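Remarks on the overall topology
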Amino acid sequence: AAGGTVSNCVIRNHRADTTHAGSAAYLTGANALITHCIVTNNYGGSNDRRCDALCLEAGARGENSLIAGNTSTRDTEPGGVDLISSTLVNCTVAGNRALGANGVGGIRVSDDSMVLNCAIAGNVTTGHDETWNNVNPDKYAVFTSCVFDGTTIPGFKCVTVGSPDEIFRNIARGDYR
């Protein structure tokens, strides 16, 4: 069933190598919420399904959480967050990696998803840095009051800085304050 709340927890060191979506957390439905959590050091390998750290779908919501240090090796999948018709608010998405040829290091946004007041930086995709990717540009996706490193998002109300060091205290040591 869709829904439920995950709060005040650390989700780390999970691995997905099968056909199941999400190595760490997969939330779906308007009543699904993850809040005040740390999702870190999760790994998604050769799975057939999307998302390798945090998946939010069909109205699910992520709030006040850190999604950092996760890795995806699957082509086209995000290392950090996959939003499908969902919302991410007051979160930090940093230091995630997508090793697949067309992966997205930080966050992939599709359909009518919203990303509000989030810091998205220091995420790496094989061959290039890419912190976001709107996979359905014909749909309405919103980024408002967010901070990105080195990525310009035309038409969205966000701030772009030159490097993650301008956003976080010490990203190399995992200090995302």
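Let us look at the structure shown here. A quick note: this is a predicted structure, and the numbers were derived from the prediction, not measured.

**Looking at the pairing of strand β4 (residues 25-28)**
Where burial is concerned, the two faces of β4 differ: the one with Ala25 and Leu27 is buried and the one with Tyr26 and Thr28 is not. Bridge analysis of β4 against strand β8 (residues 54-57) gives four bridges, and the strand direction is parallel. By the bridge assignment, Ala25 is partnered in β8 with Leu54.

**Observations regarding the nonpolar core**
Most often, soluble globular proteins keep nonpolar side chains buried together rather than apart. The biggest cluster of nonpolar side chains holds 24 residues, and the ones touching the most others in it are Leu88 and Val115. Mapped by element, the contributors of at least two residues to this core are β4, β5 (32-35), β8, β12 (81-84), β16 (107-110) and β21 (142-149). Filtering out sequence-adjacent residues up to four positions away, Val115 remains in contact with Leu83, Leu88, Ile107, Val109, Ile120, Val142, Phe143, Thr144 and Cys146.

**Looking at unusual backbone geometry**
Within the chain, Asn8 stands out as a residue other than glycine whose phi angle is a positive 50°. Structurally, the position occupied by Asn8 is in the loop between β1 (4-7) and β2 (10-12). For Asn8, a relative accessible area of 62% puts it in the exposed group. The phi torsion at His36 lies on the positive side, around 50°, for a residue other than glycine. The residue His36 is located in the loop between β5 and β6 (38-40) in this model. Accessibility expressed as a relative area gives 46% for His36, which makes it partly exposed.

**A word on the sheet that holds strand β3 (residues 15-16)**
The strand order across the open sheet built from five strands is β3-β7-β11-β15-β19, with neighbouring strands paired in parallel fashion. Strands with a single pairing partner mark the edges of an open sheet, and in this sheet they are β3 and β19 (124-125). In this structure, strand β11 (residues 71-72) lies alongside strand β15 (residues 97-98), joined through two bridges in parallel fashion. Paired with Ser72 across the two strands is Ala98, which belongs to β15.

Reading the values: the criteria
Residues numbered from 1 in each chain as written. Predicted model: local features only at pLDDT ≥ 70, side-chain atom pairs only at ≥ 80, totals over all residues. Heavy atoms only, no water. Buried < 20%, exposed > 50% of the residue type's maximum accessible area, 1.4 Å probe, protein only. Helix = DSSP H or I, 4+ residues; strand = E, 2+ residues; numbered from the N terminus. Pairing = 2+ DSSP bridges. Core = buried A, V, L, I, M, F, W, Y, C linked by side-chain atoms within 4.5 Å. Contact = heavy atoms within 4.5 Å.

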